[in-house]
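Reading the structure
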Amino acid sequence: MTSAPSTPNSAPSADTPEPDVYPPNPAFAAAANAQPSLYDDAARDRLAFWETQAERLHWHEKWSDVLDWSGAPVAKWFVGGKLNVAYNCVDRHVLEGNGERVAIEFEGEPGDTRTLTYNDLLAEVSRAANAFTDLGLVAGDRVAVYMPMIPEAIVTMLACARLGLTHSVVFGGFSAGALRSRIDDAEAKLVVTVDGQWRRGKPAPLKSAVDEAVDGAESVENVLVVRRTGIDVEWTEGRDLCWHDTVDPASPEHTAQPFDSEHPLFILYTSGTTGKPKGIVHTTGGYLTQVSYTHHNVFDYKPDDVYWCTADIGWVTGHSYIVYGPLSNGVTQVVYEGTPNSPDEHRHFQIIEKYGVSIYYTAPTMVRTFMKWGRAIPDAHDLSSIRLLGSVGEPINPEAWRWYRDVIGGGTAPIVDTWWQTETGAIMISPLPGVTTTKPGSAMAPLPGISAKIVDDDGKDVGNGGSGYLVLDEPWPSMLRGIWGDMDRYRDTYWSRYAEQGWYFAGDGAKFDEDGALWVMGRVDDVMNVSGHRISTAEVESALVGHSGVAEAAVVGATDDTTGQGIVAFVILRQGVENTGDPLIAELRSQVSTDISPIAKPREIHIVPELPKTRSGKIMRRLLRDVAEGRELGDTSTLVDPGVFEAIRKA
Ligand code: WT7
């Protein structure tokens, strides 16, 4: 059987089993922002702890009560406090004498660059705020943002925050129809967009999708267009405005007004179990407190660091860990517009090398893609600036975790595997680098100030060695305050499962191992039941990816007459690995059998050239289930490449 890891650094030697725990390096620990006392402080008095964290921010007026949970499940945090988010993310740093510090190192896909200091950012955000005000927008109005990763996108979000306008960022890869339904649901008055965006060396139109989306949309008064690619666009006089004629000439002076701690900061749509996306609502004071606190402690950000989160502002990770958390902490960060393999697979590593990125935060799917490309690519670059790595979005399989640390992290960088959701607003479960001894694949423990449990159907703690549902049993500052326009759905989706206890149901399965480390196993709808045994798709995927020939795997439970569900796996091979057909499949099945249990052995394994992924990088298991069960495909509109099914069916 060929299951040896591919990287020499992580190869277990025959006689000394690899100690699969990673204690913090003492020098890192000594200098870390987060010290063990953080856990003690939070345990002593959780609410007082959060008050201390809120003091990281500038409040125009202090709060009276830290938490009002009397309206559960709608929390109020820092009741009566007043603050301005943009002031906290921009003005404050300038006033503290850091105006010349670089806020954003922008790298466009075609290779153009722009450097914005905090002085520059303040001027830009002020101009946009003045221009938005001149358009007649007032606090509480909604603004849709449909833009690629360019500085104006961040400026727009901050200008909205500055004016108390609630933004709704819609990922630039979504269709006109998806944009329209979000515009309508939030009744957005303004849409900010670009003529087109750079994608793999070519300009891709975006304004045209907006034209289609806003046609007949009653709420929309204006469409503001940044010129990014210079392509021709249709123009509707009276409605469409050019950013360069509207924002550029506006005054760079603007005085930020304070808003209530519970003022709605943004709506972000995320998919639920039904077809209609949920508009997750986040507010001001609690949200900014928790993103700032977590960014400081989880990423150990220091003034010399260069931070890079590879997410898109279309997702919550972009909101919390590109815009609000990092900027509230005055970071210098890289913002990259394009795809990781444009013009070739070296791009991310060139960027790390060029800017001296020291903190790099990405998704497991990206790490596995790098693995597929092969380590020769990162090895061709000096990545020695990297001192901390982060992972988010799905469980990271131990094989990818070790590869990430060895190949990208030079064998020394701590990895923070951060569990959270659009709904939680900020990181909830994660190691603290410098404090936590990590295990590859485990998010380890709730952060100080956060309380989580793993329980069974009746709400009983599963204890060490047990698995069950992940719940959050105490309110937290950055929690969602509802679903826009549908508070019944809010109660029903998150709070009805454990209504008696008043716990938030996260929708994830999780386990505590024998040492009490917390492992998130994936969505409970991705948990299979085979002959009465509960098996996580993520666990089987991890076993498959543990095989040296496998780059990536997706597993689904398909209806099975005998066993309830049967396990069906779709597997991509690493570059250069030969598909020998049956012998390879037999090897993979036995790998799963020995790694987990014979009951987890996939019924079918398909070797495929690609997996269907959403634009946020999530594997669309629902569609793979359709394939596995021989059905017509469901909605493929959110896929990066709907054509991948042709390839899968042919395989
Ligand atoms: C779901 C939330 C959080 C920002 C990006 C995704 C999964 C997220 C982890 C992790 C295991 C994870 C969960 C969660 N997830 N991070 N570190 N380990 N699973 O946000 O689209 O709202 O998705 O992503 O299943 O419920 P999202």
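Residues numbered from 1 in each chain as written. Predicted model: local features only at pLDDT ≥ 70, side-chain atom pairs only at ≥ 80, totals over all residues. Heavy atoms only, no water.

Here the focus is the sheet that holds strand E22 (residues 467-472). Hydrogen bonds between backbone atoms are what pair the strands of a sheet, whose relative direction is either parallel or antiparallel. Pairing is antiparallel in the open sheet, where four strands are placed in the order E21-E22-E24-E25. Single-partner strands in this sheet number two, and they are strand E21 (452-455) and strand E25 (518-523). The sheet shows a mean angle of 45° between the axes of neighbouring strands, direction not considered. Note: E22 against strand E24 (residues 504-512), five bridges, orientation antiparallel. Residue tyrosine 469 lies in a different strand from E24, and its bridge partner there is glycine 509. (Pairing = 2+ DSSP bridges. Helix = DSSP H or I, 4+ residues; strand = E, 2+ residues; numbered from the N terminus. Axes fitted to C-alpha atoms, helices over the stretch in contact; angles between N-to-C directions.)

Quick look at the domain arrangement of the protein now. Per the domain assignment, the segments of the protein are domain 1 (26-84 + 283-523), domain 2 (118-257) and domain 3 (527-650). Its C-alpha centre places domain 1 at a distance of 28 Å from the equivalent point of domain 2. Tallying the contact residues gives 23 residues for domain 1 and 25 residues for domain 2. In total, about 2200 Å² of surface goes out of reach between domain 1 and domain 2, with carbon and sulfur atoms giving 61% of it. For domain 1, the biggest contributors to the area lost against domain 2 are Ile313, Glu337 and Trp484; these three give 32% of the whole. Where domain 1 packs against domain 2, one counts one salt bridge. Notably, a salt bridge pairs glutamate 337 with arginine 228, separated by 2.7 Å at the nearest N-O pair. Here domain 1 and domain 2 share nine residue pairs in polar contact (both at pLDDT 80 or more) between them. (Domains from an automatic or database assignment. Contact = heavy atoms within 4.5 Å. Buried area = accessible area lost by both parts, 1.4 Å probe. Salt bridge = Lys/Arg side-chain N within 4 Å of Asp/Glu carboxyl O. Polar contact = N/O pair within 3.5 Å; in protein donor to acceptor, adjacent residues only side chain to side chain.)

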